[in-house]
Amino acid sequence: MDIWNFLEYGAWALSVIFGAFLLIDLIRVDTTYDNDLLTSSREGEIEATQERHTI
Amino acid sequence: MANITNDAAKPERLQLLRVLGPAHVWALGVGIVLVGEYMGWNFAVGKGGMIAGLVACWVAGLLYTCVAMIDSEVTSTVAAAGGQYAQAKHIVGPLMAFNVGLFLVMAYTMLEAANAITVGFLLDTVAGMTGHSGLHQQPFIVLAIMFLAWLNYRGVLATLTFNLVIVAVAFTAICVLFFAIQFGASNVPLDFSAVTEEPLPYGWLGIVASLHFGLWYYLGIEGTCQAAEEVRSPARSLPYGTMAGIMTLLIAATLTWYMCSGLIPWEYLGQAGTPLFDAARVTGNVWLMVLLFIGTIFATLASANGCINDASRAWFSMGRDRYLPSWFGAVHPVYRTPYRSIVFLVPIALIFALGAPLDQVVTFSILSGLLGYTFMTFNMVMFRRKWPLDTIKRGYVHPFHPLPTIILLILCSSAFFAVFLGYGTQLIAMMCFYIIASLWFHFRRYQYVRRGDQFTMPWPRPQGY
């Protein structure tokens, strides 16, 4: 066992931690908030209010 | 729950955060691309020699300058997440938009996988140099993807500020190597004798074949427009960031060719895995070696980071318009990122990174990118015809129209021919994939699209309609 072997195990451990955060937070958000709110983003909203196309 | 749009006239909405400036746009575009200076471009030299490598560098530079100019004009007007997908939706039509969205997601996800493979390869090289053989690359490949996905999940400002720092370091490393060589820090002098002794070892066909790999110098600069919905002033920031990005890349590409071709014999350079790092090793200066290794790792991470950002925005936009299941069109209530799209694309990137060879992954990425550039040509013509300059306000108007469009189309055709010479089977397989996907979209998916809601730009009616 040298430092590279420890780095390999460390990389696996960190990968699991990051992956677990992503999944747990995704599930938490999806079960806490209403799906209609989460998918309420609209493309034109910003454009219409802030970047009016006037010559 | 902070920052949720809510006023008396409108229902409560979650939007992506507008927090980015021109420097972040620059970091996004250059970040995706700069890894191409550190590796990959040099196969152009292997295909046609030193002169062919330089011709490929500048011809591809011309192609991408056209891309940057065209993209800057259209995206400063169609300032929406999804970039070229949103452009295609507003200017050409739904089927084109669906295909362009797929081009983007495939190009960026494949490039992300290629970058993760490269991280593993680089660490394996370093482990070998320290006497450790047989390093398992998989944990580092997985970690690179998981860490960057986590960073993207947590917010766009932190993600692209991180990119800004590491891209600046990687670009500075190239400049430092150049000046160090000029001021005598290298044990080996620059030698360009092969330019006169073997100018074109494989003739003019070598130049055509090398064009494929010349694209590596700049592939992905068009990704700047994916940030359109998250920059504070898209009409100003996107053209600034994109044009500054292509200028940075033209400088970096030319410096890279000059240093590597002068220090490394072209026969070796044409097959090198990490040409800039190898050039630093040739100088015999340990500090330059360390700096260029850091530059290589940073450039690779910056590219993967930008790719996750861009692929998720394109996927999110397609979900938001119901081109894909609407589940993907969700915004995180706290971090304000397209979190479901980010998470969904992680396993896809992992499958390609762990299960596919690097050259195949990169070729599919380049082919998807080329299809996207070809789309830009007629997209630009249709944009100017339907909405002439005096009908809608543009943040940037590109000069000499339609000359850049014509040049771009000619160069794209040449690049397709060059790719066909080396990867004809992959080209045909890719076309079949997009044809089948188009049939699925037309006959199955389009019924779910909210046809009226998807056209959101407050523009006048197009001319001729």
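Described in the following lines is the structure provided in the data block. Bear in mind the structure is a predicted one, so any value in this text is a computation, not a measurement. Going along each chain's sequence as written, the residues are numbered from 1 onward. Naming scheme: in the order in which they are written, chains are lettered from A and ligands are numbered from 1. The predicted origin of the model limits local features to residues at a pLDDT of at least 70 and limits the giving and counting of side-chain atom pairs to 80 or more, whereas totals for whole chains, interfaces and linings rest on all residues. Excluded from the side-chain calculations are hydrogens and water; all other atoms, namely the structure's heavy atoms, are used.

1. Let's talk about the overall build of chain A
Reasoning step 1: Only DSSP runs of H or I with at least four residues qualify as helices, and only runs of E with at least two residues qualify as strands; both kinds are numbered from the N terminus onward. Counting its regular elements, chain A contains three helices and zero strands.
Reasoning step 2: When the helices and strands of chain A are read in sequence order from the N terminus, they spell out α-α-α.
Reasoning step 3: Put simply, chain A has 55 residues, and 44% of those count as buried.
Reasoning step 4: All accessibility values rest on the Shrake-Rupley procedure with a 1.4 Å probe; residue burial counts only the protein chains present in the view. For chain A, the exposed surface amounts to about 3300 Å²; the carbon and sulfur share of it is 66%. Burial status follows relative accessibility: with a 1.4 Å probe on protein chains alone, a residue under 20% of its type maximum counts as buried, one over 50% as exposed, and anything between as partly exposed.

2. A word on the overall build of chain B
Reasoning step 1: Assigned secondary structure in chain B consists of 16 helices and zero strands.
Reasoning step 2: What you see for chain B is a C-alpha radius of gyration of 22 Å, in line with the 23 Å of a compact globule of 465 residues.
Reasoning step 3: When the backbone C-alpha atoms are referred to their principal axes, chain B occupies close to 70 × 45 × 40 Å.
Reasoning step 4: Residue pairs in contact within chain B that sit at least 24 positions apart in sequence constitute 84% of those at least 6 positions apart.
Reasoning step 5: For chain B, the separation between the mean place of its 24 positive charges and that of its 20 negative charges on side chains is 17 Å. We take the radius of gyration over the C-alpha atoms and set the globule estimate at 2.2 Å times the residue count to the 0.38 power. Only heavy atoms enter the contact rule, under which two residues are in contact if any of them lie within 4.5 Å. Note on charges: Lys and Arg go in the positive column, Asp and Glu in the negative column, and His and the chain ends are not counted at all. The location of each charge is read from NZ of Lys, CZ of Arg, CG of Asp or CD of Glu.

3. Thoughts on a nonpolar patch on the surface
Reasoning step 1: Nonpolar side chains collect at one region of the surface, where Met1(A), Phe6(A), Tyr9(A) and Trp12(A) lie side by side and expose about 540 Å² of accessible area between them.
Reasoning step 2: The topology assignment puts Trp12(A) in helix α1 (residues 3–32). To count toward a patch, a residue needs a relative accessible area over 30% and no salt bridge; like charges are then connected within 9 Å, while nonpolar side chains (Val, Leu, Ile, Met, Phe, Trp, Tyr) are connected within 5 Å. In what follows, salt bridge is the name for a side-chain nitrogen of Lys or Arg lying within 4 Å of a carboxyl oxygen of Asp or Glu.

4. Comments concerning helix α16 (residues 403–445) of chain B
Reasoning step 1: The terminal C-alpha atoms of α16(B), which comprises 43 residues, lie only 37 Å apart, well short of the 63 Å expected from a rise of 1.5 Å per residue.
Reasoning step 2: Bending of α16(B) peaks at approximately 115° at the position of Tyr423(B). The length a helix should cover is 1.5 Å for every residue beyond the first. A residue's bend is given by the angle between axes fitted to the 7 residues ending at it and the 7 residues starting at it.

5. Describing the interface of chain B and chain A
Reasoning step 1: Taken residue by residue, the interface counts 63 residues in chain B and 37 residues in chain A.
Reasoning step 2: Here the quantity called buried area is the total loss of accessible area, with a 1.4 Å probe, experienced by two parts when brought into contact, counted for both. Here chain B packs against chain A, burying approximately 4400 Å² in sum over the two surfaces, 62% of which is carbon and sulfur.
Reasoning step 3: Of all elements in the fold, only α4 (84–91), α5 (94–129), α6 (138–154), α10 (234–263), α13 (286–320) and α14 (339–355) of chain B reach the threshold of two or more residues within the side of chain B that touches chain A.
Reasoning step 4: Taken together, the residues of the side of chain B that touches chain A break down into 36 nonpolar, 14 polar and 13 charged. Put simply, Ala, Val, Leu, Ile, Met, Phe, Trp, Tyr, Cys and Pro go in the nonpolar bin, Asp, Glu, Lys and Arg in the charged bin, and everything else, Gly too, in the polar bin.

Honestly, that's just the spatial picture; any functional story needs more than this.
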